[in-house]
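Observations on the three-dimensional arrangement
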Amino acid sequence: MPVEVAAAVIQRADGAFLLARRPAGKVYAGYWEFPGGKVEAGEAADRALARELHEELGIDTCTAFPWLTRVYSYPHATVRLNFFRVTAWKGEPHPREDQAIAWQRWDAPPAEPMLPANAPVLAALALPHEYAITDAQSRGAEPMLARIRERLDGGLRLVQVRDKNLPRREDFARAVLRLARPYGARVLINGGPDIADGVHYTAAQLMRLTERPRAGLAGASCHDAAELQQAMALDLDFAVLGPVKPTPSHPGAATLGWDGFARIARGTSIPVYAIGGMRRSDLEAAWRAGAHGIAMVSGAWS
């Protein structure tokens, strides 16, 4: 049985997160990791997290959102790492167990050496909390490009070109890519072709995949646990799960609601975006349900 571990991604408002270096005398001494520790028998993971952060860093957790769960086999043990994003706490983090600590940014050179189980977590931290999906078929290609430019100016960094029936769709996708490049934003194409930073697969495409692409970002749309399990088995970079709420494009369609979303998404090994009737004001509700962030069509451009 894996050893249950609670791990904290302690994030400041500027996006920096806290790492701790394992002290002498411990396995992998000198390696950097996310703070946390073993979950005791009968202890809930969030309670273990709060206890460990108080013991290790002298802080009291105020807000911790469930995030990823990764299983990793080290030579000495197999661990199940239950990651939480901690966004509010009392006290100033300081080492209480002879460990070094350091604030790190995802876009800076990583602290070395890093525990090998944490590499996918660092990659997930580089994903923005908002995933905007184009709607040029309704808005028109030129107005859509103008709005994309405005949102990029405002900090948008992840875009999906959907618009499957748009005339000259590939030209539109290349125009979006040209807009995104100066901002360092990434663009995925729904269903392909692979002319951008990656591909977003439909649920039908996802279920036919036998391996993830070797280059670029790979995301997929999921509507149930089986599809999300397939996305995890392929180790895609992320999944989109929904619809959470009713949407104008699918009136009368069955929705998951936040409880249904949480039931499927919590404990996943890859980041999951909530989709369906989302607005930016839904972000915290999505975090509470275990989402990485929110994916939006109309909500991204309103």
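Moving on: the sheet that holds strand β4 (residues 36–38). Pairing within the open sheet is mixed, and its four strands lie in the order β4-β1-β6-β5. If you trace the sheet from one side to the other, it starts and ends with β4 and β5 (60–73), each paired once. Sheet twist, expressed as the mean angle between neighbouring strand axes with direction ignored, is 20°. Two strands pair when backbone bridges link them, and strand β1 (residues 3–10) and β4 are joined in this way by three bridges, in the antiparallel orientation. Among the inter-strand pairings, alanine 6 is bridged to a residue of β4, identified as glycine 37. In the packing of helix α1 (residues 45–57) onto the sheet, contacts are made with β1, β4, β5 and β6 (78–90), and the angle to β1 comes to roughly 65°.

Moving on, we get to helix α4 (residues 141–153). With 13 residues, α4 should cover 18 Å at 1.5 Å per step; its first-to-last C-alpha distance of 18 Å lies within 8% of that length. All buried positions along α4 are accounted for by Met144, Leu145, Arg147, Ile148, Arg151 and Leu152. One side of α4 holds all its buried residues, which, seen down the axis, span an arc of 165°. Across from the buried face of α4, at angles greater than 90 degrees, the exposed residues are Glu142 and Asp153. Along its buried surface, α4 packs onto β8 (130–133), α3 (136–139), α5 (169–180) and α10 (298–301). Just beyond α4, the residue with positive phi is glycine 155, at close to 115°.

Packing of α4 against α5 brings their axes to within 10 Å, and their N-to-C directions diverge by 20°. With respect to their mutual orientation, α4 and α5 come out roughly parallel. By crossing handedness, the relation of α4 to α5 is classed as right-handed. Residues Ala141, Met144, Leu145, Ile148, Arg149 and Leu152 of α4 touch α5, and the partners they reach there are Phe172, Ala175, Val176, Leu179 and Ala180. Among the residues making up the contact of α4 with α5, the classes are represented as ten nonpolar, no polar and one charged.

What counts and how
Residues numbered from 1 in each chain as written. Predicted model: local features only at pLDDT ≥ 70, side-chain atom pairs only at ≥ 80, totals over all residues. Heavy atoms only, no water. Pairing = 2+ DSSP bridges. Helix = DSSP H or I, 4+ residues; strand = E, 2+ residues; numbered from the N terminus. Axes fitted to C-alpha atoms, helices over the stretch in contact; angles between N-to-C directions. Contact = heavy atoms within 4.5 Å. Expected span 1.5 Å × (residues − 1). Buried < 20%, exposed > 50% of the residue type's maximum accessible area, 1.4 Å probe, protein only. Arc of directions from axis to C-beta. Parallel < 35°, antiparallel > 145°, perpendicular 65-115°, else oblique. Left-handed = near helix turned anticlockwise from the far one by under 90°. Nonpolar A, V, L, I, M, F, W, Y, C, P; charged D, E, K, R; others polar.

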